Amino acid sequence: MVRTPCRAHRGFTLIELLVTVVIVSILASAAVPLMDLAAQRSKELELRRVLREIRRGLDAYKQAVNEGRVMRKMGESGYPHALADLEAGVLDAKDPSGKRIYFLRRLPRDPLYPDPSAPAEKTWGKRSYASPPDNPREGEDVFDVYSLSEGIGLNGIPYRQW
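Presented here is a report on the structure given in the accompanying data block.

About the cut-offs
- Residues numbered from 1 in each chain as written.
- Predicted model: local features only at pLDDT ≥ 70, side-chain atom pairs only at ≥ 80, totals over all residues.
- Heavy atoms only, no water.
- Helix = DSSP H or I, 4+ residues; strand = E, 2+ residues; numbered from the N terminus.
- Rg over C-alpha atoms; globule rule 2.2 N^0.38 Å.
- Buried < 20%, exposed > 50% of the residue type's maximum accessible area, 1.4 Å probe, protein only.
- Areas by Shrake-Rupley, 256 points an atom, 1.4 Å probe, with all protein chains shown as cover.
- Lys, Arg positive; Asp, Glu negative; His and termini not counted.
- Charge placed at Lys NZ, Arg CZ, Asp CG, Glu CD.
- Core = buried A, V, L, I, M, F, W, Y, C linked by side-chain atoms within 4.5 Å.
- Patch = residues over 30% accessible without salt bridge, like charges linked within 9 Å, V, L, I, M, F, W, Y side chains within 5 Å.
- Salt bridge = Lys/Arg side-chain N within 4 Å of Asp/Glu carboxyl O.

### Notes on the overall build of the protein
Right, so step 1: A count of helices and strands for the protein gives 2 helices and 4 strands.
Right, so step 2: On C-alpha atoms alone, the protein measures out to a radius of gyration of 28 Å, which is more than a quarter above the 15 Å that the 2.2 N^0.38 rule sets for 162 residues.
Right, so step 3: Along the three orthogonal principal directions, the C-alpha set of the protein runs to about 105 × 40 × 25 Å.
Right, so step 4: Within the span of the protein, comprising 162 residues, buried residues form 29% of the whole.
Right, so step 5: For the protein, the computed accessible surface area is about 11500 Å², with 58% contributed by carbon and sulfur atoms.
Right, so step 6: Mean positive and mean negative side-chain charge positions of the protein (25 and 21 charges, respectively) differ by 7 Å.

Following this line, the structure appears as structure tokens:
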């Protein structure tokens, strides 16, 4: 004799479904802040990487000036006039064939800049050699770059000070 299950014993009860929905919603509410934190951490890592890349390019430009490979006028600091010079390159003064020296393959964008259509150079704050470190201002050259974001990093330091 084969028993067929009673219709009342098949499926889930309403209480079981409600408990499952509550458990899933609690897990989801705990996961959302973690995803936001992971996204912010990812942007901060990208910001650190691109700041390091641009600063290495600026230092390489200055070193090329000191070695006499890039011409400079008397009284100039030896840093590029614009960030675009790092990507566009400059003529090698020691090479008679007129080759160019490139310091960046491409100018990276600030990952925290809100407007994705802005050109990469416009996403950065620029500090000239003549401006003080606590009050950076643009000038005749680009000595350093900083993020224009008003946010504060996970480490408690404003992005502008990185």
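There is more to say, and it comes next.
### As for the nonpolar core
Right, so step 1: If you look at the biggest cluster of nonpolar residues, it comprises 23 residues, and the most contacted ones within it are I54, V70, L83, F103 and W124.
Right, so step 2: Counting residues per element, this core draws most heavily on helix α1 (residues 14-66), at 8 residues.

### Observations regarding a nonpolar patch on the surface
Right, so step 1: Together, L14, I15, L18, V19, I23 and L27 line one region of the surface with nonpolar side chains, adding up to about 630 Å² of accessible area.
Right, so step 2: Relative to the assigned elements, I15 resides in helix α1.
Right, so step 3: Classification of I15 by relative accessible area gives exposed; the value is 59%.

### Some words on the environment of G139
Right, so step 1: Structurally, G139 is set in the loop between β3 (124-127) and β4 (144-147).
Right, so step 2: When its relative accessible area of 45% is taken as the criterion, G139 is described as partly exposed.
Right, so step 3: Sequence spacing of G139 and A120 is 19 residues, and the spatial spacing of their C-alpha atoms is 18 Å.

### A closer look at the pattern of salt bridges
Right, so step 1: Tallied over the entire structure, the rule returns 5 salt bridges.
Right, so step 2: We note a salt bridge from R49 to E46, for which the minimum N-O separation is 2.7 Å. Of this pair, R49 and E46 both sit in helix α1, 3 residues apart, roughly one helical turn.
Right, so step 3: With a relative accessible area of 36%, R49 lands in the partly exposed category.

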